[in-house]
Amino acid sequence: YAPRCVYMAEASAPPSAAEEAKQSGTAAFKAGRFDDAVAHFTTAIESDPQSHVLFSNRSAAYAKLEQYKASLLDANQCIKLAPTWAKGHSRRGAAYVGLRNWRQAIVAYEEGLTHEPDSAVMKEALVSIQLKLSGAARERVATVPLSRRASRGTSPHRTGAAAEQMQQQRGPPPGVPTVPAAAGGGLSPLTLLLTLVYFVPLLGAARRDLCYRGALWAAAATCLLSLSRSWPLSMATLKDARLWKCDDMQRLPLLLLLSLFPPLPFILVPPAAYALHHSLSRAHARSLLAKLPAAVRERALWVLGEEGTHTTLAFAAISDLMVGLTAPFLAVSHGLRIVPPLLLHLKYVAKSHTTSWYMQTAVDTVRLKLDSLFHHRRCPAPVSAAYVRCAGLAASAARLLAA
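Since the structure is predicted, the reported quantities are computational estimates derived from the model, not experimental observations.

1. Structural notes on helix α2 (residues 17–30)
Item 1. Here α2 spans 20 Å end to end across 14 residues, near enough to the 20 Å set by a 1.5 Å rise per residue.
Item 2. Here α2 has its buried residues at A18, A21, G25 and A28. With its buried residues spanning 90° around the axis, α2 presents them on a single face.
Item 3. Against the buried residues of α2 lie α3 (34–47).

Structure (structure tokens):
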């Protein structure tokens, strides 16, 4: 009878803390008490942080609370723990739908269907998104009167639908994103600190400009260090056309020149974004992130993941583009002395547009918003015509600078 006694003892053993919290969370979720469900699933995760099911459940609870960013973080962690589990990709798709990021939602659902081709939930979600996108495109075209559409032609930069079509044709972002100057990240904490002190003048206004120049010098030194580690020091390297086309080499003279002129705040945003990513990467390599609170560590790991790296690069691209778009106003406010670095920056943006997926997407996004504004049915025809002319001049200037 000994084996039977052992069996009965095992069967009557109480559930683990993680399992008990999971059951409580599931019951709260079914009862519609989603705040309680999040609390119970969080307790379960603390006891069993390697359970992908728990992260999936908490992601669903966050989505019910319309906390879609938190839902996305849990979905990403679920996928990290179980890459081939289709429900994790479904959770990610649902979070992206809540964030109204339709492109990434499609990517998530399509990835989930590769692991579970018969999932009716993901198939229906895909169809719903595609119908929403096609309906939005038709609505944008309908807001422009036929007479106005005919008079303005069908150039891609003249209608919001055409700009959106360009984004759809470009497809998803690169599969393995890399942040510039990754090989020279040792100076990144200094860049980040000086940028922070510039935006939050802790040392007083008198030292603010010095912090601005110091941040640019530190970013330039980071690019130089990255180049020295990525390319051999030889005459053959100087003759290699790839050296002069790489992002670090194009940024280096721009950063040095900008340090000689009055501060342009947005200029520091891309180097600061890269510096944050590099600093977190070095901290993770030295196991320093493990000492952070769980919530902070979770978000830091998200920044270092594929999605976070895409976001960093996209944020830097849109910041560079905003400096270019505001160049005429900056020239008026700062005078002619600011024109040389602005021209160099515009040249950098124009060249990036020919090679960087992120800059191309940033330009298309801004163009789509402007088209929907200036091609609106209530926008006066002279204003729309002036916008079309300015857009054409800007495109011609960009091609000239990129040559």
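Additional details are given in the paragraphs that follow.
2. Thoughts on empty space enclosed by the protein
Item 1. The final tally for this structure, using the stated rule, is two cavities of 30 Å³ or more.
Item 2. By volume, the second largest cavity amounts to about 30 Å³.
Item 3. Forming the boundary of the second largest cavity are R251, L254, L255, L258, I267, D320 and H345.
Item 4. Here the lining of the second largest cavity gets four residues from one element, more than from any other, and that element is helix α15 (residues 247–258).
Item 5. For the lining of the second largest cavity, the class distribution of residues is four nonpolar, one polar and two charged.

3. Side note on a nonpolar patch on the surface
Item 1. Together, L196, F199, V200, L202 and L203 give the surface a local cluster of nonpolar side chains, amounting to about 480 Å² of exposed area.
Item 2. On the basis of relative accessible area, L202 is assigned to the exposed category, the value being 62%.

4. Here we look at the nonpolar core
Item 1. Within the largest apolar cluster, 41 residues are counted, with the highest numbers of intra-cluster contacts made by Y212, L216, L227, L264, I267 and L321.
Item 2. Put simply, the parts of the chain that give this core at least two residues each are α11 (188–199), α12 (208–230), α15, α18 (306–325), α19 (327–334), α20 (339–355) and α21 (357–374).
Item 3. Broken down by element, the residue count for this core peaks at eight residues, all from α12.
Item 4. If we ignore the near neighbours within four places in the chain, the residues touching Y212 are Y198, L258, F261, P262, P263, L264, I267 and L268.
Item 5. Formed by 14 residues, the second largest nonpolar core is a distinct cluster that contains I106, M122, I129 and L133.

5. A short note on the packing of α19 against α20
Item 1. Where α19 contacts α20, the two axes come as close as 10 Å, and the packing angle between them is 170°. On the basis of their axis angle, the class for α19 and α20 is roughly antiparallel. Across the interface between the two elements, A327, L330 and A331 from α19 touch V339, L342 and L346 from α20.
Item 2. When grouped by side-chain class, the residues that make up the contact of α19 with α20 number six nonpolar, no polar and no charged.

Analysis parameters
- Residues numbered from 1 in each chain as written.
- Predicted model: local features only at pLDDT ≥ 70, side-chain atom pairs only at ≥ 80, totals over all residues.
- Heavy atoms only, no water.
- Helix = DSSP H or I, 4+ residues; strand = E, 2+ residues; numbered from the N terminus.
- Expected span 1.5 Å × (residues − 1).
- Buried < 20%, exposed > 50% of the residue type's maximum accessible area, 1.4 Å probe, protein only.
- Arc of directions from axis to C-beta.
- Contact = heavy atoms within 4.5 Å.
- 1 Å grid on protein atoms, 1.4 Å probe; cavity = no way out; pocket = protein on both sides within 12 Å on 5 of 7 lines; lining within 4 Å.
- Points joined across faces, edges and corners; volume = space filled by probe spheres on them.
- Nonpolar A, V, L, I, M, F, W, Y, C, P; charged D, E, K, R; others polar.
- Patch = residues over 30% accessible without salt bridge, like charges linked within 9 Å, V, L, I, M, F, W, Y side chains within 5 Å.
- Areas by Shrake-Rupley, 256 points an atom, 1.4 Å probe, with all protein chains shown as cover.
- Salt bridge = Lys/Arg side-chain N within 4 Å of Asp/Glu carboxyl O.
- Core = buried A, V, L, I, M, F, W, Y, C linked by side-chain atoms within 4.5 Å.
- Axes fitted to C-alpha atoms, helices over the stretch in contact; angles between N-to-C directions.
- Parallel < 35°, antiparallel > 145°, perpendicular 65-115°, else oblique.

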